[in-house]
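What follows is the residue order along each chain.
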Amino acid sequence: MTRIWRFALAWVVCFVGSLALAQPIYKDPTQPVEKRVADLLSRMTLEEKLGQMTQIAVSKLMSDGWGLGPLKAELLERYLVQRGIGAVLSGGGMGPVPNTPRAWAEMTNAIQRVALEKGRLGIPSLYGVDAVHGHNNLVGATLYPHNLGLAATWNPALVEQVARRVGQELRATGTLWNFAPVADLGRDPRWGRFYETFGEDSLLAGSLVAATVRGLQATQVAATLKHFVGYGQPLGGTDRSPAFLAPRSLQEVWLPPFRAGLEAGALTVMANSGSVNGVPVHASRYLLTEVLRGQMGFKGVVISDWNDIDKLVNDHKVAATFADAVALSINAGVDVYMVPMEADRYLQTLKELVEAGRIPRARVDEAAGRVLWLKFQLGLFERPYVEVAEAEKIIEAQRTLAKQAALESITLLENAAFTLPLTNVRTLLVTGPAAADKTMQMGGWSIDWQGKEGAKAPGITLLEGLQKGAPKGVKVAYADPRDARALAATARAADAVVVALGEKPYAESEGNNLSGELPAEQYKLLRDLKALGKPIVLVLFAGRPLVFPPDLWLTPKAILMAYLPGSEAGSALADVLFGRYNPSGRLPFTWPRLFAQVPFTYDRYPDIYPKAEPLYPFGYGLSYTDFAYRLQAARATPNAVEVDVEVRNTGKRAGSDVVQLYTRFPPLGFLAPRERLVGFAKVNLEPGQARSIKLIAPLDRFALVPGDVFSLETPRVLPGRYVLRVGEQTVAVDLR
Ligand code: NOJ
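Residues numbered from 1 in each chain as written. Predicted model: local features only at pLDDT ≥ 70, side-chain atom pairs only at ≥ 80, totals over all residues. Heavy atoms only, no water.

Participant: Any chance you could explain the overall build of the chain here in plain terms?
Facilitator: Looking only at helices and strands, the chain has 22 helices and 23 strands in total. A burial count over the chain gives 62% of its 736 residues as buried. In the chain, the share of contacts with a sequence separation of at least 24, taken over all contacts with a separation of at least 6, comes to 76%. Here the chain displays about 27800 Å² of accessible surface, and carbon together with sulfur accounts for 55% of that area. Of the charged side chains in the chain, 80 are positive and 72 negative; the average position of the first set lies 3 Å away from that of the second. (Helix = DSSP H or I, 4+ residues; strand = E, 2+ residues; numbered from the N terminus. Buried < 20%, exposed > 50% of the residue type's maximum accessible area, 1.4 Å probe, protein only. Contact = heavy atoms within 4.5 Å. Areas by Shrake-Rupley, 256 points an atom, 1.4 Å probe, with all protein chains shown as cover. Lys, Arg positive; Asp, Glu negative; His and termini not counted. Charge placed at Lys NZ, Arg CZ, Asp CG, Glu CD.)

This is how it looks when you write it as structure tokens:
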């Protein structure tokens, strides 16, 4: 061989060798994510791309149906390898058997192993759960207060810490996609999902949505803003019934919490299962693409809600066939179908639609590309597996944060004659259906979907908390609320009665309550106790405001709203009742007198005829001390209105106050809310202490949608004189 030939041969050998060795761009973590996505897409078949647009329930991999048990090799092979399905989920209550941290970690690892080792391109699988108040499907995980209670803390930093902790637990078990937080508003307490929201106000809710997103995603777990958009205002208050939203209220009220979550970097969004203004959101190109992507700039993944493309045919009846529904929905902007059971039919239909040109290939690349992007963002290609030991270690009874959250949520509604804290009580009677029933403190989404298994979660009940936490010399006696005789006998010896009432757990439509009433026997119990003549302290475990017949309004001398406080209910309530913690919760919703007033929010338009006042207004909550305000100055800066307020603790105990800043609008030619929350801050003060704080109200909180009835404009700040209010104090500021 001539020299030149030898040289050429060596060159060819080197070149081919380096080609074989070089890893593909998509596997190279030093490459930018966009390049990795493009590279991977370029290697994928149509079927593989469609697989990435599909999510199935984990039970499909166990029984090919609803049954739970060990994962089956042939089902893993069929769905993950042959069909290339890219994501799996646990619907409420679904998990490994047995339900332990180890089994969760082993389950997600096993799924991952098949996806990586047997899948042609080694694309990792992504596992989704509804961890809406802790890792709540997992037996052994601490349960935190549901969002409504978290909202009553008015403490975004605390909510962020809770979310971060939940994120760590999710990470450790390989469940990296959380279908939380709910960014819907709770503006109709009849609705069965009211407690999943952060309440009625878009600033408060938006701050807590953003805090949750930050906390979860700091642990590389994807947050999901759900359910985009308008899900919280079902007509008549029943879950998933149609919503009718004026474009003006969509822009001013419903979108802002989603926008806050997007600004915090939320990676995914779930579509609203219901309809808005006559169009199911799963079929709305306007909402899913023009508004969400165009106006709001969202770049991540839109996932459908559970089986909701099917609902376009069967429930909404807007599509004649499943194929029509799929085309409508995917073209409108749904990237991933959460199709728990019928993936084969979906994949087949999707493929036919693409081949027939009814879904553009570019749309498939866009949707599948977003899913891959998400997987890269989560580091799944680099860190696909979890350490079982780590999962076992982290899911242990770490309950300090849960207790802090419960403490800060508890809201004191009444306290006649300083009944609380219970300092002069020797014998305390504890009763009521919620006193020792763990399921009632946990609420829905606790171990299983409806929360019927919630007692399996770690937790301390009110009764246990009072028994353990009673000061020396205080006797805590329990009487079964169904045993009238025992009740009367125990009450005779008691100085006060703590009665725990509330709702049995529920989720979604099963939780609709059109009257806001408790079961009749709970009112009867209150009447019976009233007849015994002892001071009554009422503790409410509920996911919504409740109504009381007028004869019972003032029966309890003290009322504590505990919401659905989770694992640490008993210890937190004991601290509040016995005065070791000064309650600081403030209502994140308006508490109506009667549900006939609903929808009834503080930011409603002005009433022509004065309405009956609410029982308790938005933002309300008492303390064991008192606070006074002095509004010092207000000025407009280019992006905000800044207000200085002096807050003073005028009572005899240390305590926390939530300072709330509202604005009233000038006359502008169209209706404006009576008031709108524009800023808030939580302050701790020693007795007698005063502090000056600066409240910064972002300018966009002063924005309204101008124009006539069908105005499609986006909100802007209109010039005029705005009146700011803190407590009873007001000050005007001119905005140009
Ligand atoms: C239906 C619910 O509407 C949604 O909030 C949840 O994330 C999915 N099911 C998955 O469980």
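Participant: Just checking my understanding: could you explain the pairing of strand E17 (residues 627–636) for this structure?
Facilitator: The sheet contact formed by E17 and strand E18 (residues 640–649) spans 9 bridges and is antiparallel. Across the sheet, residue Arg635 finds its bridge partner in E18, namely Glu642. With antiparallel pairing between neighbouring strands as the criterion, E17 and E18 make up a hairpin whose turn holds 3 residues. (Pairing = 2+ DSSP bridges.)

Participant: What exactly am I supposed to notice about the site of the ligand here?
Facilitator: Taken together, Leu89, Asp130, Phe179, Arg193, Lys226, His227, Arg240, Met270, Asp305, Trp306, Met338 and Glu508 make up the full set of residues adjacent to the ligand. His227 places a polar side-chain atom, nitrogen or oxygen, 2.7 Å from an oxygen atom of the ligand. Between an oxygen atom of the ligand and a side-chain N or O atom of Asp305, the distance comes to 2.5 Å. Contact with the protein chains removes 96% of the 300 Å² of surface that the ligand exposes when unbound. Grouping the amino acids of the shell around the ligand by side-chain chemistry returns 5 nonpolar, 1 polar and 6 charged. (Near = heavy atom within 4 Å. Polar contact = N/O pair within 3.5 Å; in protein donor to acceptor, adjacent residues only side chain to side chain. Nonpolar A, V, L, I, M, F, W, Y, C, P; charged D, E, K, R; others polar.)

Participant: What's the story with the pattern of salt bridges in this structure? I'm lost.
Facilitator: Opposite charge on two side chains allows them to pair when their charged atoms are near. Summed over the entire model, instances satisfying the criterion amount to 56 salt bridges. Notably, a salt bridge pairs Lys118 with Glu77, separated by 3.8 Å at the nearest N-O pair. Here Lys118 is found in helix H6 (residues 101–118), whereas its partner Glu77 is found in helix H5 (residues 73–82), with 41 residues between them in sequence. A relative accessible area of 27% means that Glu77 is categorised as partly exposed. When salt bridges that share partners are traced, they join Arg193, Glu196, Asp239, Arg240, Asp305 and Glu508 into one network. (Salt bridge = Lys/Arg side-chain N within 4 Å of Asp/Glu carboxyl O.)

Participant: In this structure, what is going on with the sheet that holds strand E20 (residues 676–685)? I would like to understand it.
Facilitator: Hydrogen bonding along the main chain pairs the strands of a sheet, whether they run parallel or antiparallel. Pairing in this open sheet of 4 strands is antiparallel, and the strands run E20-E19-E22-E23 from one edge to the other. Looking at strand neighbours, the two that pair on one side only are E20 and strand E23 (729–735), the edges of this open sheet. Within this sheet the neighbouring strands show an average axis-to-axis angle of 20°, counted without direction. The pairing of strand E19 (residues 655–664) with E20 spans 9 bridges and is classified as antiparallel. Each bridged residue has a counterpart across the sheet, and for Val658 the counterpart in E20 is Lys682. (Axes fitted to C-alpha atoms, helices over the stretch in contact; angles between N-to-C directions.)

Participant: What should I look at first to understand the packing of aromatic side chains in this one?
Facilitator: Two descriptors summarise a pair of aromatic rings, namely the distance from one centre to the other and the angle between the planes of the rings. The final tally for this structure, using the stated rule, is 21 aromatic pairs. Summarising the aromatic geometry, the rings of Tyr523 and Phe548 are spaced 5.6 Å apart at their centres and angled 80° between planes, so their arrangement reads as edge-to-face. Within this pair, whereas Tyr523 is found in helix H21 (residues 520–532), its partner Phe548 is found in the loop between strand E15 (536–541) and strand E16 (558–563), the two being separated by 25 residues in sequence. Here the two residues Tyr523 and Phe548 agree in accessibility, since each one is buried. Pairing Phe665 with Tyr722 gives two aromatic rings, centres 5.8 Å apart and planes at 70°, and the pair type is edge-to-face. Of this pair, Phe665 sits in the loop between E19 and E20 while Tyr722 sits in strand E22 (residues 720–726), and the two are 57 residues apart along the sequence. Like Phe665, the residue Tyr722 is buried in the burial classification. Aromatic rings pair up to connect Phe194, Tyr563, Phe589, Trp591, Tyr616 and Tyr620 into one cluster. The ring of Trp445 carries Lys226 above its face, with NZ or CZ at 5.8 Å from the centroid. (Phe/Tyr/Trp six-rings, centres within 6.5 Å; stacked < 30°, edge-to-face > 60°. Lys NZ or Arg CZ within 6 Å of the ring centre and 35° of its normal.)

Geometry only, nothing functional implied.
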